[in-house]
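Coordinate inspection notes
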Amino acid sequence: MTITVLLFASAREAAGTGRLEMEVAEGSSPSSVFEEISKRTPALTRMRPNIRCAIDQEYGAWDAALHDGAELAFISPTAGG
Amino acid sequence: MTITVLLFASAREAAGTGRLEMEVAEGSSPSSVFEEISKRTPALTRMRPNIRCAIDQEYGAWDAALHDGAELAFISPTAGG
Amino acid sequence: MADEVVATRRAADAGLTRSAIDVPGLMELVSGRGDGAVATFTGIVRDNQDGRAVRHLEYEAHEPMALALMERLANQARDRFGISHAVLRHRLGRLEIGEVSVAIAVASPHRAEAIAACQWLIDTLKAEVPIFKKEFFSDGEAWVE
Amino acid sequence: MADEVVATRRAADAGLTRSAIDVPGLMELVSGRGDGAVATFTGIVRDNQDGRAVRHLEYEAHEPMALALMERLANQARDRFGISHAVLRHRLGRLEIGEVSVAIAVASPHRAEAIAACQWLIDTLKAEVPIFKKEFFSDGEAWVE
């Protein structure tokens, strides 16, 4: 299935892009997708403890099941205000 | 000695004036002055529990000794804001 | 240092006025380049008091005492909360519905102190500063006491 | 009733913008005739971060998610604090020293709820809304993470 991955802030800069269209296996989770993109961008691995994931613009669990067409956003530490 | 008495809000309206120059005896206190003006304006008596006194623009005690030339303000309940 | 600050200030920390309070102007006035947070509180004349229709208000004050106390509160807020600067303005005389009766602006490097100081200032102003309010209804008038 | 309010509103409760935030305009927008209190919080770009000189900032966001969350916070503030109305604006892109990064305005019949809601809104916005800040110093740059 196809999902859209969004990255922000230092994670976006590390990956060199803020948006990836990815083909992932059925049963993929935010956790498995993050692992996948960390292979291409190892610097992401150490950021993981401070990142939250959001599925279709709602904060969600790292082991949630992704659906086809999902938007998966990796939310770096927020610093609005 | 001579003092200036200031009244505000409902106390001012009851007394018909916001400012009195008064000749008072040595040893007079805010309490004795309030009693004095209440004789002329009995309506003030029931307001007394809610009134604070200020001598020379500082909140003070009802039994404080007044000095010649003092400004004695009877501060009705405040409602700024 | 204290003299420097006073010298560059465009207006006093406390003020009583019979004309409209310029809230945006206060926000400009209060903040410096090291401040990351400005909190304000603005009191506005409501159209009702506990459901009874208000037509207008009148405020009076022991003016010199009120002004001195408001100046002192601005200084105390700096000491208690570690804020950079606080300014307070209160309107006197007749006010119509929707007009600003009081405005407080507080600037601080960080947000928590600014908001806490703003709250303390309006609470203390209401409780301590000798300002008096009369409400005018369609069928009468009453001091808020 | 809810429809009426929406119909008379001049702008949305939440907004992200790349141009200057009009704080006085927000204060006008937020308050109605039954409101006696308006509390605001304004975040301003400081000239330093822990003493290190800041030259400018850049904000980015997950824009649709941030906007939806800010709208939700405005509604939650109404439910939690019983306020009349809250509006939130956040700036994105490059900001210079002294510019407004965030503004929150809350209107309420009485003061305590307005101030409490304002504090909750800025705290929750900072913690939850996906907005990201990069600080530019004379000798480098860093995401605030």
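First, a word on what this report is: a plain description of the structure on this page.

Once that is clear, we can look at the sheet that holds strand 5 (residues 71-75) of chain B. Residue and element names in this part refer to chain B. Spatial strand order, 2-1-5-3-4: five strands in an open sheet with mixed pairing. Since the sheet does not close on itself, it has two edges, and those belong to strand 2 (19-23) and strand 4 (58-60), each with one partner. With strand direction ignored, the average angle separating the axes of adjacent strands in the sheet is 30°.

Mapping chain C onto chain D leaves a residual RMSD of 0.0 Å; the transformation is a rotation of 180° accompanied by 0.0 Å of translation along its axis. Given the turn and translation reported, the copies of this chain are related as if by a two-fold rotation axis. Within chain C, T40 of chain C has its C-alpha nearest the rotation axis, a separation of 2.5 Å. The residues that chain C uses at the interface reappear at the interface of chain D in 100% of cases, marking a shared surface.

Let us now look at the environment of A39 of chain D. Checked against the element boundaries, A39 of chain D lands in strand 2 (residues 37-44). The exposure class assigned to A39 of chain D is buried, which follows from its relative accessible area of 3%. Along the backbone, A39 of chain D and E99 of chain D are 60 residues apart, and their C-alpha atoms lie at a distance of 20 Å. Dropping the residues within four chain positions of it, A39 of chain D is found in contact with T40 of chain C together with I104, A105, V106, A114, I115 and C118 of chain D.

Turning to the interface of chain C and chain D, a few remarks are in order. Counting residues at the interface gives 28 residues for chain C and 29 residues for chain D. Counting across the chain C and chain D interface gives two salt bridges. D123 of chain D is the partner of R111 of chain C in a salt bridge, and the nearest nitrogen-oxygen pair spans 2.9 Å. Seen at the junction of chain C and chain D, the total is 11 residue pairs in polar contact (both at pLDDT 80 or more). Put simply, the parts of the chain that give the side of chain C that touches chain D at least two residues each are helix 2 (23-30), strand 2 (37-44) and helix 4 (111-128) of chain C. Sorting elements by how many residues they give to the side of chain C that touches chain D places strand 2 of chain C first, with eight residues. Partitioned by chemical class, the residues of the side of chain C that touches chain D number 12 nonpolar, nine polar and seven charged.

What counts, and where the lines are drawn
- Residues numbered from 1 in each chain as written.
- Chains lettered and ligands numbered in written order.
- Predicted model: local features only at pLDDT ≥ 70, side-chain atom pairs only at ≥ 80, totals over all residues.
- Heavy atoms only, no water.
- Pairing = 2+ DSSP bridges.
- Helix = DSSP H or I, 4+ residues; strand = E, 2+ residues; numbered from the N terminus.
- Axes fitted to C-alpha atoms, helices over the stretch in contact; angles between N-to-C directions.
- Least-squares fit on C-alpha atoms with pLDDT ≥ 70 in both.
- Contact = heavy atoms within 4.5 Å.
- Buried < 20%, exposed > 50% of the residue type's maximum accessible area, 1.4 Å probe, protein only.
- Salt bridge = Lys/Arg side-chain N within 4 Å of Asp/Glu carboxyl O.
- Polar contact = N/O pair within 3.5 Å; in protein donor to acceptor, adjacent residues only side chain to side chain.
- Nonpolar A, V, L, I, M, F, W, Y, C, P; charged D, E, K, R; others polar.

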